[in-house]
Amino acid sequence: MIASHLLAYFFTELNHDQAQKIDKYLYHMRLSEETLQEVSERFGKEMEKGLGAETNPTASVKMLPTFVRSTPDGTEDGDFLALDLGGTNFRVLRVKVSDNGLQKVEMENQIYAIPEELMRGSGVQLFDHIAECLANFLDKLKIKDKKLPLGFTFSFPCHQTKLDESILVTWTKGFKCSSVEGKDVVSMLRKSIKKRGDFDIDIVAVVNDTVGTMMTCGYDDHNCEVGLIVGTGTNACYMEEMRHIDLVEGDEGRMCINMEWGAFGDDGVLNDIRTEFDREIDMGSLNPGKQLFEKMISGMYMGELVRLILVKMAKEGLLFGGRLTPDLLTTGHFETRYVSAIEKEKEGLQKAHEILSKLGLEPSHEDCVATHRICQIVSTRSANLCGATLAAVLRRIKENKGVDRLRSTVGVDGSVYKKHPHFARRLHKTVRKLLPDCEIRFIRSEDGSGKGAAMVTAVAYRLAAQHKARQKILEALKLSQEQLLEVKERMRIEMEKGLGKETHPEATVKMLPTYVCSTPDGTEKGDFLALDLGGTNFRVLLVRVRNGMRRGVEMHNKIYSIPVEIMQGTGEELFDHIVHCISDFLEYMGMKGVSLPLGFTFSFPCQQTSLDEGILLKWTKGFKATGCEGEDVVNLLKEAIHRREEFDLDVVAVVNDTVGTMMTCGYEDPYCEVGLIVGTGSNACYMEEMRNVELVEGEEGRMCINMEWGAFGDNGCLDDVRTEFDLAVDELSLNPGKQRFEKMISGMYLGEIVRNILMDFTKRGLLFRGRISERLKTRGIFETKFLSQIESDCLALLQVRSILQHLGLETTCDDSIIVKEVCTVVARRAAQLCGAGMAAVVDKIRENRGLDFLKVTVGVDGTLYKLHPHFSTVMHETVKQLSPKCEVTFLQSEDGSGKGAALITAVACRIREAGQR
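Residues numbered from 1 in each chain as written. Predicted model: local features only at pLDDT ≥ 70, side-chain atom pairs only at ≥ 80, totals over all residues. Heavy atoms only, no water.

(A) Examining the pairing of strand β19 (residues 606–610) more closely. Bridging between β19 and strand β20 (residues 613–616) involves four bridges; their strand directions are antiparallel. Bridging from a neighbouring strand, Ser610 pairs with Glu613 of β20. Between the antiparallel neighbours β19 and β20 lie two residues. (Pairing = 2+ DSSP bridges. Helix = DSSP H or I, 4+ residues; strand = E, 2+ residues; numbered from the N terminus.)

Below you can see the structure in the form of structure tokens.
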């Protein structure tokens, strides 16, 4: 009993000693964690080089764009064909993908041989043969009359320019067909099929087997964004952000990159870790100096590395008693499958004995232990190197996404990964060591090159069908030049109605006279007070206007809040509070007891009968103070001043904020005769000839007209351009049927329109994988500021995703592109409609004056105009197109409602003084 224990102990010790000897001998092949980290970082740099336009030509890792832009989402559906050509056999497959809640894939396939003479004949003969086999397959399945989409896995180095165009760079794997290199293999196959004329198929995609692997796994796991092959050769692909791919136009979305990583190190960056055995293998290979990384890793070379080590050690008398046999000295006689067999847990040493004996050796137990250890070191190095480069890829994806923890899946295929007993486990371990902050799942691909090509085709089909469906829905929001001209004409008609005495009562665009009859001429001077009441805050301003050399405007202001109980109390309380604030401000400025002219910006619907009289028609924006509606607000203010008996003020003008905007810009630019606001709401004003203003006596001169254009369309004249989404937004608003034009163009509503479109897309399964979240059903969640952020050019889709995640919407990269597109369409339409309205205004001014050409400036204010990245540009272009006889300049207003009120007062005082003189 003791004897057998001792014997076992003796063997273990012996094995251990022998293994240590080998470890010492192959010291250079055992890579530390630091070395692997270094390799990983170097590979990251090589990826950068391959992606850059300048550096790609000299990069060893080519990073080829595949034009595959999306992975499966599980809703793919249909009947597809696949061709798989990558060696001496090729396969034809029919793949049925169905999605009736249960994703399933059914496959039928047939293998056809490619005779030796065809591999070396002409390209035309080869593709004719493929077409013939395809015809035979379709006949068998009785589907020759159907035109099915086909995916073509073509596993040779290609340069792709489109999803369905692939130019062969060089033949490999024993193929030598003439006049194919430098040509598009798809068009060659199409020609061969056309020549036959007995069937027709739609070749949708050419795919590399690595991409096929990623796509096959992606169907089962939607997190899969990397494909890896470790078999006879090795390669990987992954989904990269378009903005980093210099070789392809466009920055939106992602594209799968076929890395061709076997060539890593061809530029010398791995020389410090390559060993004499690696150099020897390379020298004896068919392509010296090329694919150096592949030669350290893949199945084609692993057995050969072990053989070279055994030969060298035998020559040095360290193995087999220094004996060599012809078999051991023959290249390729130690196959990679032997490495897998020798490394098996139980029968490994016995297998080593068998294999070495087969090579004509008489191995001792120590020789078998040593051989086992050599195999272990070679295959472990392979798995470690592979893990290091894979970690670089995953690290890059993590950085692209800007996440703290990456959850991702790698789809893997290849004989070494699948058949070697420990390779997969070692590879996973290396990745985990180098990327401790990532959760990476590995799944084995089942038939990536066949099923994968069909999957790429299925995804391309799904994307095309969904794109078509979305475009059809968005079509209604895209306005043609004709439609915009029509909107311009209708605005013009509504303007005339509002100006006419007879038609005014039923006009929707009210065209209210403001009694502002002149814009600043630059001679204004003096100190003025301005009040600005338009919401829950209220401002008092002192505005000093200077003329002559020191011409300019200096402003001081203070903001006061209006408590809710005062907003909803009595009118007396409200105006007493306002006067109290004015008193506080005058004291703060050290101007108590001074009597100044005052301009009052009162941004509520008013009917004016003179410059200093405004009858409040109705409160809006949450105000409910009693005893004000139907009263003159100037009177209410004056009464409150008298009640206080502290100071006296000369209230010169009541002003609407749009008019204030025009006046502020008019001070800077004498051509400014139009005011426009596009913010939460929208409105415009302009200088109209008195003879056209029928509601006011007098024919001479001009008067500013406050259009109140938000109500354009309330009589149904815009119904043909309003969409189902506009109707939905209107129905759920606080004032259904009112302010219809405003609801299509202003900041308060654009986000809501977008939300309704996104809901519709999702219900139809065109977005968010058809899942509507509770958040998306919430009104007002999609604020208009998000539109500005999402459309901002410098924002990557990453940030679009984080905005959507903030809204509780889990999105893919494709979803983000779609959301961005919807935002663009909605904002563009708003800007165009706004431009059509403006075009009507400037053309009316031109015709009023009988001019062939008008030069005019529009003063603009409002958050949408100022903050949205494209709104202003699109609006300007629209005005230019619709009013070619006008040269329109747009000037942004700074503080129209405060400064504007003071300038109107200043102009009125100037005119009053001139009249007195």
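(B) A look at the sheet that holds strand β8 (residues 202–207). Read across the sheet, five strands follow the order β4-β3-β2-β5-β8 without closing on themselves; strand pairing throughout is mixed. Either end of the sheet is taken by a strand with one partner, and the two such strands are β4 (103–113) and β8. Strand-to-strand twist of the sheet, defined as the mean angle between neighbouring strand axes without regard to direction, takes the value 20°. Two elements, strand β3 (residues 89–99) and β4, share eleven bridges in a ladder whose sense is antiparallel. The partner of Ser98 across the bridge, within β4, is Lys104. Packed on one face of the sheet, helix α4 (residues 123–140) meets β2 (78–85), β3, β4 and β5 (149–154) and runs near 130° to β4. (Axes fitted to C-alpha atoms, helices over the stretch in contact; angles between N-to-C directions. Contact = heavy atoms within 4.5 Å.)

(C) Structural context of helix α28 (residues 871–882). Along its twelve residues, α28 runs 17 Å from first to last C-alpha, staying within 8% of the 16 Å computed at 1.5 Å per residue. Within the sequence span of α28, burial applies to Phe871, Ser872, Val874, Met875, Thr878, Val879 and Leu882. Buried residues of α28 fall within an arc of 165° about the axis and therefore sit on the same side. Here the buried face of α28 lies against α16 (481–499), β22 (672–678), α22 (740–745), α26 (813–848), α27 (863–867) and β26 (886–892). (Expected span 1.5 Å × (residues − 1). Buried < 20%, exposed > 50% of the residue type's maximum accessible area, 1.4 Å probe, protein only. Arc of directions from axis to C-beta.)

(D) Structural context of the packing of α16 against α26. Direction vectors running N to C along α16 and α26 enclose 55°, while the axes themselves pass 8 Å from each other. By the angle between their axes, α16 is oblique relative to α26. Between α16 and α26 the crossing geometry is right-handed. Between α16, through Leu484, Val487, Lys488, Met491, Arg492, Met495, Glu496 and Leu499, and α26, the contact on the second element is made entirely by Gln832, Leu833, Ala836, Gly837, Ala839, Ala840, Val841, Asp843, Lys844 and Glu847. In terms of residue class, the contact of α16 with α26 is built from ten nonpolar, two polar and six charged. (Parallel < 35°, antiparallel > 145°, perpendicular 65-115°, else oblique. Left-handed = near helix turned anticlockwise from the far one by under 90°. Nonpolar A, V, L, I, M, F, W, Y, C, P; charged D, E, K, R; others polar.)

(E) Main features of the nonpolar core. Counting 114 residues, the largest nonpolar core has Leu676, Tyr686, Met707, Trp709 and Phe782 as the members making the most contacts within it. Looking at which element gives the most residues to this core, the answer is α26, with 18 residues. With residues up to four places along the chain from it excluded, the contact list for Phe782 reads Gly751, Glu752, Val754, Arg755, Leu758, Leu787, Ile790, Leu804, Leu807, Val819 and Cys823. Formed by 112 residues, the second largest nonpolar core is a distinct cluster that contains Leu36, Val68, Cys237 and Leu385. (Core = buried A, V, L, I, M, F, W, Y, C linked by side-chain atoms within 4.5 Å.)

(F) Region of the structure containing the packing of helix α23 (residues 747–763) against α26. Where α23 contacts α26, the two axes come as close as 10 Å, and the packing angle between them is 135°. As the angle between them shows, α23 and α26 are arranged oblique. The chirality of how α23 crosses α26 is right-handed. Taken together, the residues of α26 that come into contact with α23 (itself represented by Leu750, Ile753, Val754, Ile757, Leu758 and Phe761) are Ile818, Val819, Val822, Cys823, Val826, Arg829 and Ala830. Grouping the constituent residues of the contact of α23 with α26 by class yields twelve nonpolar, no polar and one charged.

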